[in-house]
Amino acid sequence: MRSDFDKRAERLPLKVVDSVRTASANKVQGRFQAIASVFAEYDSARRQAAATKEYVLDNLADLLVELEASCLKNGVQVHWAEDAEQANRLILGIVSRAAPSALVVKGKSMATEEIGLNERLIQEGHQVVETDLGEFVVQLDDDVPSHIVTPIIHKDRTDVKRTFESHGLSPRSDEPEELAAVARARLREEFRRADVGISGVNFAVASSGRLVIVENEGNNRLSTTAPRVHIAVMGLEKVLPCDTDLALFLRLLAASSTGQRLTVYTHLVCGPRRPDEPDGPEEVHLVLLDNGRSKILNGALREILKCLRCGACLNVCPVYRQASGHTYRHTYSGPLGAVLAPGLDGVHSHGALAFASTLCGACQEVCPVDIPIPELLLKIRAEVGATPAAPWPVWAWFAQRSARWRMALKALPMVEPLARPWTEHREWPEPSGVDFRRWWDQRP
Amino acid sequence: MPGPRLAQAQVADHWALFRERLSEVGGEVADFSAVADCPGLFWIQEGLKGFWPGLDLAADPWEAMTGVCRADMAVAETGSVLFASGPDQPRLLSLLPPRHVVLLDPKQIEPNLEAALARLDRRNWAIVTGPSRTADIEGILVRGVHGPRELIVVPFPV
């Protein structure tokens, strides 16, 4: 029985499948090399990170209260949002106060994708510009990211060039270097004129109130430095106890997501510009987003809240590689998405994603915080209830009576068309020409 | 001013590792005289301008081709330079100009991330590890997408 997921995956152009497969294979390789060169004892590093995250989940409420107090002391304004609607309304309020029709520049943030912030800001008359190269292309295409770290993993250079051309940008070639230069030149003006910068948060330290944002391009630092107002949107689970926890997590995240020792920019925000400082935002806001997370915390899928959003499980997943991110129809795709999407939005809307897995376990193996993703997928499957129809009852009915069995054997070649989804990619076994009983009776 | 012998030896080790890791991420090391040879307009941190009296300064920081500032710390393990925002340390200086020249006192190099993080105070800090890069298109590495394309570290003992 083919699911909607399978059907969507089958409709993907071969070119997309090729792009995703090549890129994710390269990322797997990059991760492997980085981990080998950064960690002498990777397993113990990973166990330590998982234990820290376990501590965070056990003490989430206290740590968040501590984070709030630290942020307030640093001059950061803290807002709590129970759901997407409340978060959007809050952010909209801050943006509208900054300017009636504001220019908003954004650094890459999955949390804001999750709540559909851009559409909302645009509806209310603000202009929103995504500034990460991949996200910029996604926005021009009116598309959604197909990978949480590499948003245009499904596209190649000719696609990007075509997108640019249809929006009045004229790259001289389809070289990635040239395409990046065109985006850089175009976005410079936006950074300069922007009223508000919006970013995500990778880690927030409860004891110091430090908001940590990592990136490679510099767009995130520009977005959170040049405009007068900075709004950081963070899922509740991203809090860490102390500054000293950061080193391990920064290394794990960089190695797992992009195969680096450390990302190019690690931005440690500790508050707005001080009176004697020449630049930086005058206001810094932190929006703490629940949107289903506290429900997950108290349920069977709790451990998915340890996720760092490194994307390593997407890159290594045989299903993601074949299906690409859009097939999951959710902000979060891949193995992580197959757990987080039903966790956030309920198993009834996205529970079917739990079947988009071979349960091979590669996701858990590469997870820097050792999340038992296959186990969580099984829990969702059990809750959804409907397992795909197995052919065993049919087989049993025929196998119980020899007459039926003989009839079935004779009819077998006729049912071959039914097995076409299977045989399209595999050999249909050739019958030996004679069945066992006849061979037994006629043996010399 | 030379420090105690033991510390000096240690500093030299950190410098060698820092240098190796910096070049791994696409940064380079140059000497002091290289700064004046950079083409285009300059944005130079207050307090350093006196070292290069003849250079053309950009009236608008967004027009500068080369930014010059001091690092507030460095990490040998990762080849990173760190900047803390302050009255004479604009945050945009390490971001806007396509070429970023960093003066680093080798004594400011911490062996690893843990040691550097332990020294952070309540200012805004940026840890910069190599020039700006992206691999968003076909996984191909491109430098200088929004931040600087070149990161040049100049040893500058105080």
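Residues numbered from 1 in each chain as written. Chains lettered and ligands numbered in written order. Predicted model: local features only at pLDDT ≥ 70, side-chain atom pairs only at ≥ 80, totals over all residues. Heavy atoms only, no water.

Visitor: Which residues make up the domain arrangement of chain A, and what values do they have?
Guide: By domain assignment, chain A separates into domain 1 (4-11 + 303-384), domain 2 (57-291) and domain 3 (402-441). Between the C-alpha centres of domain 2 of chain A and domain 3 of chain A the distance comes to 59 Å. (Domains from an automatic or database assignment.)

Visitor: Can you explain helix H5 (residues 84-98) of chain A? Please cite residues and give values.
Guide: All names here are of chain A. Over its 15 residues, H5 runs 21 Å from end to end, which matches the ideal 21 Å to within 8%, given 1.5 Å per residue. Within the sequence span of H5, burial applies to Ala84, Ala87, Asn88, Ile91, Leu92, Ile94 and Val95. Seen along its axis, H5 keeps its buried residues to an arc of 165 degrees; they face one direction. Elements that come into contact with the buried residues of H5 comprise strand E1 (77-81), strand E2 (103-106), helix H7 (117-123), strand E4 (196-199), strand E7 (229-235) and strand E10 (283-289). (Helix = DSSP H or I, 4+ residues; strand = E, 2+ residues; numbered from the N terminus. Expected span 1.5 Å × (residues − 1). Buried < 20%, exposed > 50% of the residue type's maximum accessible area, 1.4 Å probe, protein only. Arc of directions from axis to C-beta. Contact = heavy atoms within 4.5 Å.)

Visitor: Could you give an account of the interface of chain A and chain B, naming the residues involved and the relevant values?
Guide: Across the contact, 59 residues belong to chain A and 48 residues belong to chain B. Summed over both sides, the interface between chain A and chain B buries roughly 4,800 Å², with carbon and sulfur atoms accounting for 53% of that surface. For B:Glu114, the salt bridge goes to A:Arg251, with nearest N and O atoms at 2.7 Å. Linking chain A with chain B are 33 residue pairs in polar contact (both at pLDDT 80 or more). By residue class, the composition of the side of chain A that touches chain B is 24 nonpolar, 16 polar and 19 charged. Of the pairings in the sheet, the one linking strand E9 (residues 265-269) of chain A to strand E8 (residues 125-128) of chain B comprises four bridges and is antiparallel in character. Within E8(B), the position partnered with A:Thr266 by the bridge is B:Ile127. (Buried area = accessible area lost by both parts, 1.4 Å probe. Salt bridge = Lys/Arg side-chain N within 4 Å of Asp/Glu carboxyl O. Polar contact = N/O pair within 3.5 Å; in protein donor to acceptor, adjacent residues only side chain to side chain. Nonpolar A, V, L, I, M, F, W, Y, C, P; charged D, E, K, R; others polar. Pairing = 2+ DSSP bridges.)

Visitor: For the sheet that holds strand E5 (residues 80-84) of chain B, give the residues involved together with the corresponding values.
Guide: Pairing in this open sheet of eight strands is mixed, and the strands run E8(A)-E5(A)-E6(A)-E9(A)-E8(B)-E5(B)-E4(B)-E7(B) from one edge to the other. What marks the edges here is a single partner per strand, and that holds for strand E8 (239-240) of chain A together with strand E7 (109-110) of chain B. As judged from the two bridges shared by strand E5 (residues 203-205) of chain A and strand E6 (residues 211-215) of chain A, these two strands associate in the antiparallel manner. Counterpart to A:Phe203 in the pairing with E6(A) is A:Val212. The strands that helix H12 (residues 246-258) of chain A touches are E5, E6, E8 and E9 of chain A; relative to E5(A), the one it contacts most, it runs at about 180 degrees. (Axes fitted to C-alpha atoms, helices over the stretch in contact; angles between N-to-C directions.)

Visitor: Give me the lowdown on a nonpolar patch on the surface, citing residues and values where you can.
Guide: Residue and element names in this part refer to chain A. Side chains of Trp392, Trp395, Trp405, Leu409, Leu412, Val415 and Leu418 sit close together on the surface and give an oily, nonpolar patch of about 760 Å² of accessible area. When contributions to the nonpolar patch are tallied by element, the ones reaching two or more residues are helix H20 (392-399) and helix H21 (402-411). Here Trp395 shows up in helix H20. Of the residues examined, Trp395 reaches a relative accessible area of 48% and is grouped as partly exposed. (Patch = residues over 30% accessible without salt bridge, like charges linked within 9 Å, V, L, I, M, F, W, Y side chains within 5 Å. Areas by Shrake-Rupley, 256 points an atom, 1.4 Å probe, with all protein chains shown as cover.)

Visitor: Which residues make up the pattern of salt bridges, and what values do they have?
Guide: All names here are of chain A. Following the criterion strictly, the structure yields 37 salt bridges over all chains and no others. Its salt-bridge partner being Lys15, residue Asp159 comes within 3.0 Å of it at the nearest N-O pair. With a gap of 144 residues between them, Asp159 in helix H9 (residues 157-166) and Lys15 in helix H2 (residues 14-38) connect regions that are remote in the sequence. Using a relative accessible area of 11% as the deciding quantity, one classes Asp159 as buried.

Visitor: Talk me through the sheet that holds E1(A); I want residue IDs and the actual numbers.
Guide: Residue and element names in this part refer to chain A. Here six strands make up an open sheet; going across it, the order is E1-E10-E7-E4-E2-E3 and the pairing parallel. Only two strands of the sheet have a single neighbouring strand rather than two, namely E1 and strand E3 (127-130). The mean angle between the axes of side-by-side strands here comes to 20 degrees, regardless of whether they run parallel or antiparallel. Pairing of E2 with E3 involves four bridges; the strand directions are parallel. Within the sheet, the bridge partner assigned to Leu103 lies in E3 and is Gln127.

Visitor: Before we move on, could you go through the packing of aromatic side chains and cite the residues and values that matter?
Guide: Taken as a whole and assessed by the stated rule, the structure comprises 16 aromatic pairs over all chains. One aromatic cluster in this structure is built from B:Phe32, B:Phe51, B:Trp52 and B:Phe156. Note that A:Arg404 overlies the ring of A:Trp397, its terminal NZ or CZ placed 4.0 Å from the centroid. A cation over a ring is seen here: A:Arg443 above A:Trp440, with NZ or CZ 3.9 Å from the ring centre. (Phe/Tyr/Trp six-rings, centres within 6.5 Å; stacked < 30°, edge-to-face > 60°. Lys NZ or Arg CZ within 6 Å of the ring centre and 35° of its normal.)

Visitor: Tell me about the environment of A:Ala40, residues and numbers included.
Guide: You can see A:Ala40 is positioned in the loop between H2 and helix H3 (42-58). Distance in space between the C-alpha atoms of A:Ala40 and A:Glu237 is 28 Å, their sequence separation being 197 residues.

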